[in-house]
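These are the residues of each chain, in order.
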Amino acid sequence: MTAPTPAVPWQTLAADPATVERYEARVYRGPGPTDCHWWLGAISDSGHGKLRAGSRPAGTSRVVSVHVLGYALHHGAADLQPGAIVRHKCDFSRGL
């Protein structure tokens with residue numbers, strides 16, 4: 001039997017300046033206000049963007065899906081409870 005995966009501390013990760021900097025360095029935003037944002041960093045086997053977020057010394061380090069982190073950064077993390085679904089606006093795995 002495996003232990004349950006702890007909930008991702010989205011608010012903590014979204015408030016971490018180093019995580020925000022790593023995220024922003026890997027996002028390409030289209031020129032228009034409604035254009036898709038494209039992830040230029042690591043991609044998982046399922047085709048979704050991934051990023052190591054948080055701090056290893058603080059114990060918050062983990063690899064997360066960037067579209068969910070982007071949601072937490074730009075819309076807040078209050079409604080990101082376990083089981084919440086965040087879809088890609090562009091409906092393409094590399095689009096945020």
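Residues numbered from 1 in each chain as written. Predicted model: local features only at pLDDT ≥ 70, side-chain atom pairs only at ≥ 80, totals over all residues. Heavy atoms only, no water.

Below, the discussion takes up helix H3 (residues 66-75). Taken as a whole, H3 has its buried residues at Val66, His67, Val68, Leu69, Gly70 and Ala72. Buried residues in H3 make contact with helix H1 (10-14), helix H2 (17-24), strand E2 (37-39), strand E3 (50-53) and strand E4 (62-65). Among the residues trailing H3, Gly76 stands out with phi positive, at a value near 95°. (Buried < 20%, exposed > 50% of the residue type's maximum accessible area, 1.4 Å probe, protein only. Helix = DSSP H or I, 4+ residues; strand = E, 2+ residues; numbered from the N terminus. Contact = heavy atoms within 4.5 Å.)

Here we take up the confidence of the model for the chain. Predicted confidence across the chain gives a mean pLDDT of 84, with 88% of residues reaching 70 or more. When the elements of the chain are averaged for pLDDT, E2 gives the smallest value, 88, and H2 the largest, 96. (pLDDT = per-residue confidence, 0-100.)

Volume-wise, the second largest pocket comes out at about 210 Å³. As for the second largest pocket, its lining consists of Ala7, Val8, Trp10, Val68, Leu80, Gln81, Pro82, Gly83, Ala84 and Val86. Residues that form the lining of the second largest pocket fall into these classes: 8 nonpolar, 2 polar and no charged. (1 Å grid on protein atoms, 1.4 Å probe; cavity = no way out; pocket = protein on both sides within 12 Å on 5 of 7 lines; lining within 4 Å. Points joined across faces, edges and corners; volume = space filled by probe spheres on them. Nonpolar A, V, L, I, M, F, W, Y, C, P; charged D, E, K, R; others polar.)

Residues Trp10, Tyr23, Leu69 and Leu80 are the most contacted members of the largest nonpolar core, which totals 16 residues. Within the residue set of this core, elements represented by two or more residues are H1, E3 and H3. Considering each element in turn, this core owes the most residues, 4 residues, to H3. For Leu69, the residues in contact, after removing those within four places along its chain, are Trp10, Leu13, Ala14, Thr19, Tyr23, Leu51 and Val64. (Core = buried A, V, L, I, M, F, W, Y, C linked by side-chain atoms within 4.5 Å.)

The full count for this structure, using the stated rule, is 1 salt bridge. Its salt-bridge partner being Glu24, residue Arg29 comes within 2.9 Å of it at the nearest N-O pair. Its relative accessible area of 30% is what places Glu24 among the partly exposed residues. (Salt bridge = Lys/Arg side-chain N within 4 Å of Asp/Glu carboxyl O.)

Position of Ser65 relative to the elements: it lies in strand E4. For Ser65, a relative accessible area of 17% gives the class buried. When residues no more than four places from it in sequence are discounted, the contact partners of Ser65 are Trp10, Gly49 and Lys50.

Here the focus is the environment of Val68. Along the chain, Val68 falls in helix H3. On the basis of relative accessibility, which here comes to 14%, the residue Val68 falls in the buried class. For the pair Val68 and Gly49, spaced 19 residues apart in the sequence, the C-alpha separation amounts to 9.8 Å. Other than its neighbours up to four places away in sequence, Val68 contacts Trp10, Leu80 and Val86.

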